[in-house]
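Spelled out, the chains give:
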Amino acid sequence: MIKKGFGAIDMLVALVIIACVFAFAMPALKGAGGGNLKDSSIDYQSVEEQVDSKINEIEKMRQQTLNYNQMNRSQEF
């Protein structure tokens, strides 16, 4: 005859085993994912330069818009 608590104990043992497997597999999963960009072949300097150029371009367009709006306001009066 099986005791009523036997199913709960089996479930707890299974959860402990799954947790152990997960703990041992986690470092392998971290290395296999795309999150590790330290060893990748991406040229960080090139990406940084592209971002800087886009930011400068946006700032220049913003300044041109402000100048245009200011010029239109002065012409209305």
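Rules used throughout
- Residues numbered from 1 in each chain as written.
- Predicted model: local features only at pLDDT ≥ 70, side-chain atom pairs only at ≥ 80, totals over all residues.
- Heavy atoms only, no water.
- Helix = DSSP H or I, 4+ residues; strand = E, 2+ residues; numbered from the N terminus.
- Buried < 20%, exposed > 50% of the residue type's maximum accessible area, 1.4 Å probe, protein only.
- Areas by Shrake-Rupley, 256 points an atom, 1.4 Å probe, with all protein chains shown as cover.
- Patch = residues over 30% accessible without salt bridge, like charges linked within 9 Å, V, L, I, M, F, W, Y side chains within 5 Å.
- Salt bridge = Lys/Arg side-chain N within 4 Å of Asp/Glu carboxyl O.

**Topic: the overall build of the chain**
Here comes step 1: Broken down by element type, the chain carries two helices and zero strands.
Here comes step 2: Expressed as a percentage of its 77 residues, the buried residues of the chain come to 0%.
Here comes step 3: On the chain, roughly 7600 Å² of surface is accessible, and the fraction owed to carbon and sulfur atoms is 64%.

**Quick look at a nonpolar patch on the surface**
Here comes step 1: Taken together, the side chains of Ile9, Val13, Ile17 and Val21 make up a nonpolar region of the molecular surface, amounting to roughly 370 Å² of accessible area.
Here comes step 2: Following the sequence through the fold, Ile9 ends up in helix H1 (residues 6–32).

Take it as geometry only, folks, not as evidence of what the structure does.
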